[in-house]
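Fold and contact review
Listed below are the residues making up each chain.
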Amino acid sequence: MNLVLLGPPGAGKGTQAKMLVEKYGIPQISTGDILRTNLKEQTELGIKAKKFMDAGDLVPDEVVIGIIDNRLKADDCQAGYMLDGFPRTVAQAEALDKILSERNSGIDDVISIEVPNDELLGRLTGRRTCRDCGQGYHVIFDPSQKEGACDKCGGELYQRDDDNEATVASRLEVYTEQTQPLIDYYQKKGLLRPVNGLGKIQEIFDRIVSVLG
Ligand code: AMP
């Protein structure tokens, strides 16, 4: 099962991806997470990506395509995977098709999580993440039991640098201009599975599982 999770920032891709990992036993491959790990470890890639991420812009296509090309070669991807946050441009989607067709493979389904724009700003600016285990929270919709601490592991909760209001606005614009065309791209290929992204986390998950059959 080779999946792509598509949707604007704040649609809940990361949350749903973690639940899908548990259900289907396939790895979540998030280019955003890989870039943030590189940033934390101050690698050359992380340092290069930082200025784009801080501005809410996309990291250049060739950088993320290289990351994905390598990652998909790993043993744990051979029985399937879930791409979260990649592709984000038509050029990335075309590169992915080329990489996969050279390996006699392809994408099976593209889950498009749909959330209206006016809902996204509040979701993103209230988002908090555990520094240790990556669990996500929201200060209003899904708060941790003890403020600032993760329910799962007790780790410190932090706000992503790019979840402030100014950067969020750029990220939403970038999504509309550069990523939204992928809806049409995958629709034409017959791979698009739209899912309503409003409601409880579990309800959205059930909808995804049902469109995957
Ligand atoms: P995310 O965690 O998916 O919201 O990604 C955070 C940031 O990482 C984005 O705003 C981009 O700067 C960068 N990024 C993640 N995935 C990609 C991608 N596929 N193409 C370009 N930039 C990306």
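Please refer to the structure higher up on the page.
The structure reproduced in this document is the subject of the present report. (Residues numbered from 1 in each chain as written. Predicted model: local features only at pLDDT ≥ 70, side-chain atom pairs only at ≥ 80, totals over all residues. Heavy atoms only, no water.)

Turning to the overall build of the chain, a few remarks are in order. In terms of regular secondary structure, the chain is built from nine helices and eight strands. Taken over C-alpha atoms, the radius of gyration comes to 17 Å for the chain, in line with the 17 Å a tight globule of 213 residues would show. Dimensions of the chain, computed from C-alpha atoms along their principal axes, come out at roughly 50 × 40 × 35 Å. The buried share among the 213 residues of the chain stands at 43%. Here the analysis covers contacts within the chain between residues at least 6 apart in sequence; of these, 69% occur between residues at least 24 apart. Carbon together with sulfur atoms contributes 49% to the accessible area of the chain, which is approximately 11,000 Å² in total. Put simply, the chain has 26 plus and 34 minus side-chain charges, and the middle of one group is 2 Å from the middle of the other. (Helix = DSSP H or I, 4+ residues; strand = E, 2+ residues; numbered from the N terminus. Rg over C-alpha atoms; globule rule 2.2 N^0.38 Å. Buried < 20%, exposed > 50% of the residue type's maximum accessible area, 1.4 Å probe, protein only. Contact = heavy atoms within 4.5 Å. Areas by Shrake-Rupley, 256 points an atom, 1.4 Å probe, with all protein chains shown as cover. Lys, Arg positive; Asp, Glu negative; His and termini not counted. Charge placed at Lys NZ, Arg CZ, Asp CG, Glu CD.)

For the rest of this paragraph, the subject is the site of the ligand. Near the ligand, the surroundings consist of 16 residues, among which Thr 31, Arg 36, Asp 57, Gly 85 and Gln 92 are the closest. The contact in question runs from an oxygen atom of the ligand to an N or O atom on the side chain of Arg 160, over 3.1 Å. Against a free-state accessible area of 480 Å², the protein chains account for coverage of 96% of the ligand. Broken down by element, the shell around the ligand gets its largest block of residues, four residues, from helix α2 (residues 31-40). (Near = heavy atom within 4 Å. Polar contact = N/O pair within 3.5 Å; in protein donor to acceptor, adjacent residues only side chain to side chain.)

With that out of the way, let us pick up the sheet that holds strand β5 (residues 127-130). If you trace the three strands from one edge of the open sheet to the other, you get β6-β5-β7, paired in antiparallel fashion. The two strands at the open ends of the sheet, each matched to only one other strand, are β6 (136-138) and β7 (157-158). As paired elements, β5 and β6 share three bridges and run antiparallel to each other. If you follow Arg 128 over to β6, its bridge partner there is Tyr 137. (Pairing = 2+ DSSP bridges.)

Here the focus is the sheet that holds strand β4 (residues 109-114). Reading across from one edge, β2-β3-β1-β4-β8 is the order of the five strands in this open sheet, with parallel pairing throughout. On the outer flanks of this sheet lie β2 (28-30) and β8 (192-196), each paired with one strand and no other. Ignoring which end each strand starts from, the neighbouring axes of this sheet average 25 degrees apart. In the packing of helix α8 (residues 181-188) onto the sheet, contacts are made with β1 (2-6), β4 and β8, and the angle to β8 comes to roughly 130 degrees. (Axes fitted to C-alpha atoms, helices over the stretch in contact; angles between N-to-C directions.)

Interpretation in functional terms is not warranted from these geometric data alone.
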